[in-house]
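# Coordinate inspection notes
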Amino acid sequence: MTGRTKILIALGLVALVSIVFGQTAHFGWVRYDDHDYVYRSGRVTSGLSFSNIAWAFTHFHAANWHPITTLSHMLDCQLFGVNPGLHHFSSVVIHTLAVIALFFALDSLTGKIWRSGVVAGVFAIHPLRAESVAWIAERKDVLSGLFFALTLLTWSSYARRKSLARYLVALLAAALGLLSKPMLVTIPFVLLLIDYWPLNRFRTEKIIWLLMEKIPFALFAAVSAVTTVLAQHGHIDTFGFSLPLRFENTIVSYAIYLRQLIWPVDLAVLYPYPEKFFPFLTIAGSAALLIALSTIAIIYRKRLPFLFTGWFWFIGMLVPVMGIVQVGRQAHADRYTYLPLIGITIAIVWLVAELTAHWRFQKQIGALASAVVIVAFSVCAYHQTLFWRNADSLWPHTLAVTTNNDGAHLAFATSLFAEGRTEEAIAHARTAAEIRPANAGVYGEVPVGLEGKALDEAILFWSARVENEPNNIGARNTFGVLLVQKHQTRAAVEQWEAALVLNPNDGNAQSNLAWVFATAPDASLRNGTRAVELAERALKLAGGINPILYRTLAAAYAESGRFDDAIATAERGREFAERESNRELADEFVAVLDRYRQHQPMRDARLELHEDL
């Protein structure tokens, strides 16, 4: 009967995940990191091969080192191409496997089938899971979750029947988790907590042995941590926010995550970082809550050991992403809760079960209460997942539930600009610059919306940046874009040429120069032969799938008089634009195709020279 019960619970978990997240099979790309992770990474879209597998392990990808995640994206592209619905489906399948593995791991560790099922159910469909499951770029979350659950399951097997083989299997699962997402650097700590409860190994074995067991896990974690720092060094912001503010945000974020577990409303993909210190009552209340709960967990660790393990599982697993070393400009993130909240959920479920153990009809009441909670969370999660349908649903929702969110305005502007909705993009970019004026110089997307004083300030900023950092290719590329906004196209060309001297394979500089050489109204700037050379190289570097680069290459062919090639290239670009659901760009290809069929090259009025400005 027990075996049948486990199978029925597992099937129920599969059904829950399918109902809540199955809808993502019809979703598109949200164009927020998706392009870096998948559809504009030539290595990824070309699928699995010996060279690509080697590349995944020896190169950083999307400012991370997570080769298993990269390989999973490659496998999807090998099987499904760049169809976003099927990539979503893969993430849902992996999350489902993680949920089932977690259920069996908790059951193996504790021997409590129904409590384990409730914890796995909350993990499966909590609204905070929407970001991890419905965002293709967060494949690393669900993959690391699967290997984390397998680590717990295999560790349970090893702890009860020690053997080298079982130990190595647990170590392998942990290593694969770290190779999926470096957040699992806390695995040695979590395993010690598991040893304390429910395995109770601290009572039966020497502490020194328990610590020595974790050394290989710690070594893997250390390697992952070092490579992560190297991969993200350009994104680490230790000076943009003061250390006291980062400490305050850490304390408040812990409290926010607890609130979101119980009351998951107004969830967003990007929560803006606070610009000033929190009100005294906010920081004092959050600190008091954390101290109180930590104190309770410690005081009652013998009587209620699950509180100790669950609470410090939650606290410890969040440490790498709490922003003491800040990466990005988010204050906190739903995706960070994917594994840490398992700990606090365990603490709550076990505590409620223990406190109601002597109630009459306790099992029936518990089952009903659990069902109500899981159904309520499922409904909320289904609704939250709907916002991940595409960028046009994600960012308006984010802006609606947050305030002064310059990052969301910028991300939405970038998406709108990629769709060809330039006026809307400009409006959001200007709003972002108004919220945080420094954005005029920090973000490369903003120049599409700058003019007047803001443009002049941005040019001064990037001019100084280039002067102080002459080898900064990104700065030269952004400075060139700003100069084009000022109609100083020759000066822009100089910046992009300098960028190519620094790195002949810089795709941004190649594509920018190719567009100018192919479409500039001033004949003295045009060079069809060079435009073709640069555009072909840029497209090859991008894996031959970027529709914007097909547009550039088609214009270059037209400038060289190769109109048949221009037509074929534009047709191919339109196919990729439609595949990305970029209707505006696809329509633009239709318009330029008419020109090329009439043997008319492309001209971009934005490249008119006003060098006297």
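It should be noted that the structure appears before, not after, this text.
An account of the accompanying structure is given in this report. (Residues numbered from 1 in each chain as written. Predicted model: local features only at pLDDT ≥ 70, side-chain atom pairs only at ≥ 80, totals over all residues. Heavy atoms only, no water.)

Tallying secondary structure elements over the protein chain gives 31 helices and two strands in all. Taken over the C-alpha trace, the protein chain has a radius of gyration of 27 Å; the compact-globule value for 613 residues is 25 Å, and the two agree within 12%. Taking the principal axes of its C-alpha atoms as reference, the protein chain extends roughly 85 × 50 × 45 Å. Here the protein chain holds 613 residues, and 54% of them are scored as buried. Long-range pairs, those at least 24 residues apart, make up 72% of the contacts in the protein chain between residues at least 6 apart in sequence. For the protein chain, the accessible area works out to roughly 26,700 Å², and carbon and sulfur atoms hold 64% of it. The centroid of the 52 positive side-chain charges in the protein chain is displaced by 15 Å from the centroid of its 50 negative side-chain charges. (Helix = DSSP H or I, 4+ residues; strand = E, 2+ residues; numbered from the N terminus. Rg over C-alpha atoms; globule rule 2.2 N^0.38 Å. Buried < 20%, exposed > 50% of the residue type's maximum accessible area, 1.4 Å probe, protein only. Contact = heavy atoms within 4.5 Å. Areas by Shrake-Rupley, 256 points an atom, 1.4 Å probe, with all protein chains shown as cover. Lys, Arg positive; Asp, Glu negative; His and termini not counted. Charge placed at Lys NZ, Arg CZ, Asp CG, Glu CD.)

Moving on, we get to the nonpolar core. Formed by 120 residues in total, the largest nonpolar core has its most connected members in Leu152, Trp313 and Phe314. Leave out the neighbours within four places in its chain, and Phe314 touches Tyr254, Tyr257, Leu258, Pro340, Leu341 and Ile344. Counting residues in hydrophobic clusters, the runner-up holds 54 residues, among them Trp462, Leu539, Ala554 and Ile567. (Core = buried A, V, L, I, M, F, W, Y, C linked by side-chain atoms within 4.5 Å.)

Scanning the model with the defined rule gives 26 salt bridges in all. A salt bridge links Glu354 to Arg115, with the shortest nitrogen-to-oxygen separation between them at 3.2 Å. Highlighted residues: Glu354 in helix α18 (residues 340-355) and Arg115 in helix α7 (residues 113-125), separated in sequence by 239 residues. Classification of Arg115 as buried rests on a relative accessible area of 17%. The partner of Glu497 in a salt bridge is Arg530, with the nearest N and O atoms 2.9 Å apart. Taken together, the residues span a long stretch of sequence, with Glu497 in helix α26 (residues 489-502) and Arg530 in helix α28 (residues 528-541) at a distance of 33 residues. (Salt bridge = Lys/Arg side-chain N within 4 Å of Asp/Glu carboxyl O.)

Looking now at the packing of aromatic side chains. Throughout the structure, instances matching the rule amount to 19 aromatic pairs. Look at Phe148 and Trp313: their rings are 5.8 Å apart centre to centre, the planes differ by 75°, and that puts the pair in the edge-to-face class. Taken together, the residues Phe148 in helix α9 (residues 139-160) and Trp313 in helix α17 (residues 305-318) connect sequence positions 165 residues apart. In terms of burial, Phe148 and Trp313 fall into one category: buried. (Phe/Tyr/Trp six-rings, centres within 6.5 Å; stacked < 30°, edge-to-face > 60°.)

Relative to the helices and strands, Asn471 resides in the loop between α24 (452-468) and α25 (473-485). On the accessibility criterion, Asn471 (61% relative accessible area) is exposed. As for Asn471 and Asp456, which are separated by 15 residues in sequence, their C-alpha atoms are 23 Å apart.

Turning to the packing of helix α1 (residues 2-21) against helix α6 (residues 84-110), a few remarks are in order. Helix-helix packing is described using two parameters, namely the angle between the two axes and the distance between the axes. At a minimum axis distance of 10 Å, the contact between α1 and α6 shows a crossing angle of 150°. As far as their axial angle goes, α6 and α1 are roughly antiparallel. For the crossing formed where α1 meets α6, the hand is right-handed. Two secondary-structure elements touch here, α1 through Lys6, Ile9, Ala10, Leu13, Val14, Val17 and Phe21 and α6 through Val92, His95, Thr96, Val99, Ile100, Phe103, Phe104 and Asp107. (Axes fitted to C-alpha atoms, helices over the stretch in contact; angles between N-to-C directions. Parallel < 35°, antiparallel > 145°, perpendicular 65-115°, else oblique. Left-handed = near helix turned anticlockwise from the far one by under 90°.)

The terminal C-alpha atoms of α9 lie 32 Å apart, and with 22 residues this matches the ideal 32 Å at 1.5 Å per residue to within 8%. A large share of α9 lies buried, amounting to 18 of its 22 residues. (Expected span 1.5 Å × (residues − 1).)

What follows concerns the environment of His599. Turning to its location among the elements, His599 is positioned in the segment after α31 (583-597). Assessed through its relative accessible area of 53%, His599 is described here as exposed. Sequence separation between His599 and Gly561 is 38 residues; the distance between their C-alpha atoms is 7.8 Å.

For the rest of this paragraph, the subject is the side chain of Arg115. Engagement of the side chain of Arg115 in a polar contact is seen with the side chain of Glu354, the distance being 3.2 Å. In this view, Arg115 contacts Val349, Trp350, Ala353 and Glu354; residues no more than four positions away in its chain are not counted. (Polar contact = N/O pair within 3.5 Å; in protein donor to acceptor, adjacent residues only side chain to side chain.)

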